[in-house]
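# A look at the structure
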Amino acid sequence: MVGRLANKNTIITGAAGGIGLETAIQFLKEGANVVISDVNDKGLTAAEQKIKEVVGSFEGKLVAKVADVSNEVQVMALVEVCEPWGGVDVMFNNAGIMHPEDNGILNTEEKIWDLTQAINVKGVVYGCRAAIKSLLEHKKPGSIINTGSFVGLMGAATPQIAYTASKGAVLAISRELAVCYAQKNIRVNALCPGPLNTPLLQAFLDTDEKRTRRTVHLPMGRFGEAIEQAKAAVFLASDESSYVTGQDFLVDGGLTRAYVTDI
Ligand code: NAD
């Protein structure tokens, strides 16, 4: 069976869990060669095992490589993995953190701000730079997907100022790169999830009160699932989205279109 991503060489950061792990499963099912990466080495090993169990047999290659996205040398090494296969085609810069001490403007410490920007912003820049260099060298079209967030587009009175700023930057970076490299057939989109049922957010929302404070604003009355983002990532990675670039690609259950919900 020829998949929607057959023969595409793909890299996914933050693949030990959540969106990244689900996307690796979908990419492999669609015939891609996949490099999964994360800073969490034990989590990455467990993810590789889970992927093999869930997908069963697959035609593409699967390589797991530990990398901290805030380290440019380590990010470049991920792109190197794809060189013997003919170079990277799809770069999914998905790794990100939401620090528990990230709060309002008056009480978020500089070290939390710096750490968040180092991973969420510089990590995306390094991933884009490494992928673009390789795509230009190979004279290939490509798709770069950067995980942004709805918080880059909407204000929230439950502030996480460093995270919000970082995701605003991801949207701006993605837009500019999309315009700069459109003539080279390198597409760049920001996948913008709504609030999800993954550990990143749910670890934060440890009481019913905190969860309800969010769900009343969600037209569907529920958090999104990682697989719903993964399906969108498949579309953005594939040639089916050949005329889609520079977008804040919202997969948010209608959150950003709602004023008053029916809840
Ligand atoms: P997750 O915590 O399950 O996955 C994030 C992964 O990134 C983890 O495996 C973590 O180990 C990895 N990571 C953290 N720092 C890293 C680093 N320095 N280098 C490499 N990997 C690192 O969370 P998720 O919900 O799957 O999040 C994925 C992306 O989606 C993030 O960018 C997040 O900001 C974004 N997002 C999440 C939500 C949500 O509600 N969960 C909403 C909007 C956007």
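See the structure shown above.
Residues numbered from 1 in each chain as written. Predicted model: local features only at pLDDT ≥ 70, side-chain atom pairs only at ≥ 80, totals over all residues. Heavy atoms only, no water.

## Some details on unusual backbone geometry
Here is the rule: Numbering of helices and strands runs from the N terminus; a helix is a DSSP stretch of H or I covering at least four residues, while a strand is a stretch of E covering at least two.
The phi dihedral of asparagine 7 is positive, around 65°, even though this residue is not glycine. Mapped onto the secondary structure, asparagine 7 falls in the segment before strand E1 (9-13).

## Observations regarding the packing of helix H4 (residues 110-138) against helix H5 (residues 161-181)
Defined as follows: Here an angle of 0 to 180 degrees is reported between the N-to-C directions of two axes, which are lines fitted to C-alpha atoms, with helices fitted over the stretch in contact. For this classification, under 35 degrees means roughly parallel, over 145 means roughly antiparallel, 65 to 115 means roughly perpendicular, and everything else is oblique. For a crossing to be left-handed, the near helix must be turned anticlockwise from the far one by less than a right angle; the clockwise case is right-handed. Whether two residues are in contact is decided by their heavy atoms, any of which lying within 4.5 Å being enough. When residues are sorted by character, Ala, Val, Leu, Ile, Met, Phe, Trp, Tyr, Cys and Pro go into the nonpolar class, Asp, Glu, Lys and Arg into the charged class, and all the rest, Gly among them, into the polar class.
Between H4 and H5, whose axes approach to 8 Å, the crossing angle comes to 15°. Classified by the interaxial angle, the pair formed by H4 and H5 is roughly parallel. Along this stretch, H4 crosses H5, giving a crossing that reads as right-handed. Of the residues in H5, those in contact with Ile112, Trp113, Thr116, Gln117, Asn120, Val121, Val124, Val125, Cys128, Ile132 and Leu136 of H4 are Ile161, Ala162, Tyr163, Ala165, Ser166, Lys167, Ala169, Val170, Ile173, Leu177 and Tyr181. For the contact of H4 with H5, the class distribution of residues is 17 nonpolar, four polar and one charged.

## Some details on the nonpolar core
Cut-off, in case you're wondering: Nonpolar cores are built from buried Ala, Val, Leu, Ile, Met, Phe, Trp, Tyr and Cys residues. Side-chain atoms within 4.5 Å join them into one set. Exposure is judged per residue with a 1.4 Å probe applied to protein chains only, and the accessible area is read against the type maximum: over 50% gives exposed, under 20% gives buried, and values in between give partly exposed.
Among the nonpolar cores identified, the biggest contains 29 residues, and Ile12, Phe27, Val34, Ile36, Ile51, Phe92 and Ile145 are the most heavily contacted of them. Contact partners of isoleucine 12, with chain neighbours within four places excluded, come to Gly20, Thr23, Ala24, Phe27, Val34, Val35, Ile36, Ser37 and Phe92. Listed in part, the 28 residues of the second largest apolar core include Ala130, Ile144, Ile173 and Ala178.

## Some points on the site of the ligand
Applied cut-off: Residue proximity to a molecule or strand is established when one non-hydrogen atom of the residue lies within 4 Å of it. Side-chain atoms alone can form a polar contact between residues adjacent in sequence; in general such a contact is a pair of N or O atoms within 3.5 Å, and within protein one must be able to donate a hydrogen while the other accepts it. Note on areas: these come from Shrake-Rupley sampling with a 1.4 Å probe, and a residue is covered only by the protein chains present in the view.
Among the 28 residues in the neighbourhood of the ligand, the closest are listed as Ile19, Asp38, Tyr163, Leu196 and Thr198. Here a nitrogen atom of the ligand sits 3.4 Å away from a polar atom, N or O, in the main chain of valine 39. Within the contact set of the ligand, a nitrogen atom lies 2.9 Å away from a side-chain nitrogen or oxygen of aspartate 68. When the ligand is considered free in solution it has 820 Å² of accessible area, and contact with the protein chains removes 91% of it.

## Quick look at the packing of aromatic side chains
Put simply, the rule reads: Stacked, edge-to-face and tilted labels apply to pairs of Phe, Tyr and Trp rings (six-membered ring for Trp) whose centres lie within 6.5 Å, assigned for plane angles under 30 degrees, over 60, and everything in between, in that order.
Overall, the coordinates contain one aromatic pair when judged by the stated rule. Geometrically, the ring pair formed by phenylalanine 235 and phenylalanine 249 is tilted, given 5.9 Å between the ring centres and 35° between the ring planes. Within this pair, whereas phenylalanine 235 is found in helix H8 (residues 226-237), its partner phenylalanine 249 is found in strand E7 (residues 248-251), the two being separated by 14 residues in sequence. Residue classification places phenylalanine 235 among the partly exposed positions, given a relative accessible area of 25%. Its relative accessible area of 22% is what places phenylalanine 249 among the partly exposed residues.

## Examining the pairing of strand E3 (residues 62-66)
Under the convention used in this document: In short, DSSP must find at least two bridges between two strands for them to pair. A clockwise course of the path from the first strand over the helix to the second, judged with the strands pointing away from the viewer, identifies a crossover as right-handed.
Bridge analysis of strand E2 (residues 33-38) against E3 gives five bridges, and the strand direction is parallel. Bridge assignment links valine 35 to a residue of E3, and that residue is valine 63. Handedness of the crossover is the feature at issue here: the chain leaves E2, passes through helix H2 (residues 41-55), returns alongside E3, and the resulting connection is right-handed.

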